[in-house]
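So you can see what is in the structure, the chains are spelled out below.
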Amino acid sequence: QQQVKQSPQSLIVQKGGIPIINCAYENTAFDYFPWYQQFPGKGPALLIAIRPDVSEKKEGRFTISFNKSAKQFSLHIMDSQPGDSATYFCAALGSSASKIIFGSGTRLSIRP
Amino acid sequence: KAGVTQTPRYLIKTRGQQVTLSCSPISGHRSVSWYQQTPGQGLQFLFEYFSETQRNKGNFPGRFSGRQFSNSRSEMNVSTLELGDSALYLCASSRDQQEEKLFFGSGTQLSVL
């Protein structure tokens, strides 16, 4: 019940395409859903986050879609660029869950 | 403002040895958490420290331990190293306990031979 399932494991998209990464959770106590971006040799960095009271959040080219009833959320990257090539982790956190749970990660490659 | 600093950057140890990793959080951040990152298991939470006290612990054996000092700096220790302990160990800091936004260091890459 504490797991966050992330898919796909890897993804290759042409420049300008819209990669979509999906995550699903079971614990309804989660109330904060961040996405982290990690480049090789670096630690993860917070990219964008959403709470269950909204269905969508946009920050620049990055959008989170949230489906509370399905307990799923996804990251969309508009007009993807080679510089977006990185590993992306979804995560979930709740005040009562007490620790952050990460998805397994998606290695995204944007072809020029 | 300096980011989270982890030392050393790389470590090579042999089975049975012990290792200590260090983490200096962002100035003013009082919470430090540790994570193990492996290709197969992803990012797994080890423990969180706040005000020199362990506030939460993940599902790791007792060989994994840590501590936090009064200046919020933290150390993580792994005793009796096993081959499976080879991983990238990441430290993250946040302003307060269970703060939602985490700031990660670049990690310590541990190889156990």
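Preceding this section is the structure that the text describes.
All of the points below concern the structure found in this document.

Rules used throughout
- Residues numbered from 1 in each chain as written.
- Chains lettered and ligands numbered in written order.
- Predicted model: local features only at pLDDT ≥ 70, side-chain atom pairs only at ≥ 80, totals over all residues.
- Heavy atoms only, no water.
- Disulfide = S-S within 2.5 Å.
- Helix = DSSP H or I, 4+ residues; strand = E, 2+ residues; numbered from the N terminus.
- Buried < 20%, exposed > 50% of the residue type's maximum accessible area, 1.4 Å probe, protein only.
- Contact = heavy atoms within 4.5 Å.
- Buried area = accessible area lost by both parts, 1.4 Å probe.
- Salt bridge = Lys/Arg side-chain N within 4 Å of Asp/Glu carboxyl O.
- Polar contact = N/O pair within 3.5 Å; in protein donor to acceptor, adjacent residues only side chain to side chain.
- Pairing = 2+ DSSP bridges.
- Axes fitted to C-alpha atoms, helices over the stretch in contact; angles between N-to-C directions.

## A short note on the state of the cysteines
Residues and elements named next belong to chain B.
Line of reasoning, step 1. Taken as a whole, this structure holds two disulfides over all chains when the rule is applied.
Line of reasoning, step 2. Here Cys23 engages in a disulfide with Cys91; their sulfurs sit 1.7 Å apart. Its S-S torsion of about -50° marks the bond between Cys23 and Cys91 as left-handed, since a negative value means left-handed. With Cys23 in strand β3 (residues 19-24) and Cys91 in strand β9 (residues 87-94), this residue pair connects regions lying 68 residues apart in the sequence. Each member of the pair, Cys23 as well as Cys91, carries the same accessibility label: buried.

## Focus: the interface of chain B and chain A
Line of reasoning, step 1. With 19 residues of chain B at the contact, the number on the chain A side is 17 residues.
Line of reasoning, step 2. Summing the contributions of chain B and of chain A, the shared interface buries around 1500 Å²; its carbon and sulfur component is 53%.
Line of reasoning, step 3. Across the contact surface, chain B and chain A share one salt bridge.
Line of reasoning, step 4. Ionic pairing is found between Arg51 of chain A and Glu100 of chain B, a salt bridge with its closest N-O pair at 2.4 Å.
Line of reasoning, step 5. Taken together, the links from chain B to chain A amount to five residue pairs in polar contact (both at pLDDT 80 or more).
Line of reasoning, step 6. Secondary structure elements with two or more residues in the side of chain B that touches chain A: β4 (31-38), β5 (42-50), β6 (53-57) and β9 of chain B.
Line of reasoning, step 7. Looking at which element gives the most residues to the side of chain B that touches chain A, the answer is β5 of chain B, with three residues.

## Quick notes on the side chain of Asp85 of chain B
Residue and element names in this part refer to chain B.
Line of reasoning, step 1. Along the chain, the position of Asp85 falls in the loop between β8 (74-78) and β9.
Line of reasoning, step 2. Overall, the relative accessible area of 4% leaves Asp85 in the buried class.
Line of reasoning, step 3. A distance of 2.8 Å separates a polar atom in the side chain of Asp85 from a polar atom in the side chain of Arg63.
Line of reasoning, step 4. Of the polar contacts made by the side chain of Asp85, one reaches the backbone nitrogen of Glu82; its length is 2.8 Å.
Line of reasoning, step 5. If we ignore the near neighbours within four places in the chain, the residues touching Asp85 are Gln36, Arg63, Phe64, Val78, Thr80, Leu110 and Val112.

## A look at the pattern of salt bridges
Line of reasoning, step 1. Summed over all chains, the structure comprises eight salt bridges over all chains.
Line of reasoning, step 2. Note that Asp84 of chain A is salt-bridged to Arg61 of chain A, the shortest N-O span being 2.8 Å. With a gap of 23 residues between them, Asp84 of chain A in the loop between β8 (72-77) and β9 (86-92) and Arg61 of chain A in the loop between β6 (56-59) and β7 (62-67) connect regions that are remote in the sequence.
Line of reasoning, step 3. Notably, a salt bridge pairs Asp85 of chain B with Arg63 of chain B, separated by 2.8 Å at the nearest N-O pair. Note that Asp85 of chain B is positioned in the loop between β8 and β9 and Arg63 of chain B in the loop between β6 and β7 (64-68), a separation of 22 residues in sequence. Accessibility classification places Asp85 of chain B together with Arg63 of chain B in one group, the buried group.
Line of reasoning, step 4. Within this structure, Arg63, Glu82 and Asp85 of chain B form a network of salt bridges that share partners.

## A closer look at the sheet that holds β8 of chain A
Residue and element names in this part refer to chain A.
Line of reasoning, step 1. Ordered in space as β1-β3-β8-β7-β6, the five strands form an open sheet in which the pairing is antiparallel. One side of each edge strand has no neighbouring strand; the edge strands of this open sheet are β1 (4-7) and β6. Looking at each pair of strands side by side, their axes are set apart by 15° on average, direction ignored.
Line of reasoning, step 2. Here six bridges tie β7 to β8, and the two strands are oriented antiparallel to one another. The residue of β8 that forms the bridge with Asn67 is Gln72.

## Observations concerning the sheet that holds β3 of chain B
Residue and element names in this part refer to chain B.
Line of reasoning, step 1. A sheet is described by the order of its strands in space; here four strands give the open sequence β1-β3-β8-β7, paired in antiparallel fashion. The two strands at the open ends of the sheet, each matched to only one other strand, are β1 (5-7) and β7. For this sheet, the mean inter-axis angle between neighbouring strands, taken without regard to orientation, is 20°.
Line of reasoning, step 2. With five bridges joining them, β7 and β8 adopt antiparallel strand pairing. By the bridge assignment for β8, Phe64 is matched with Val78.

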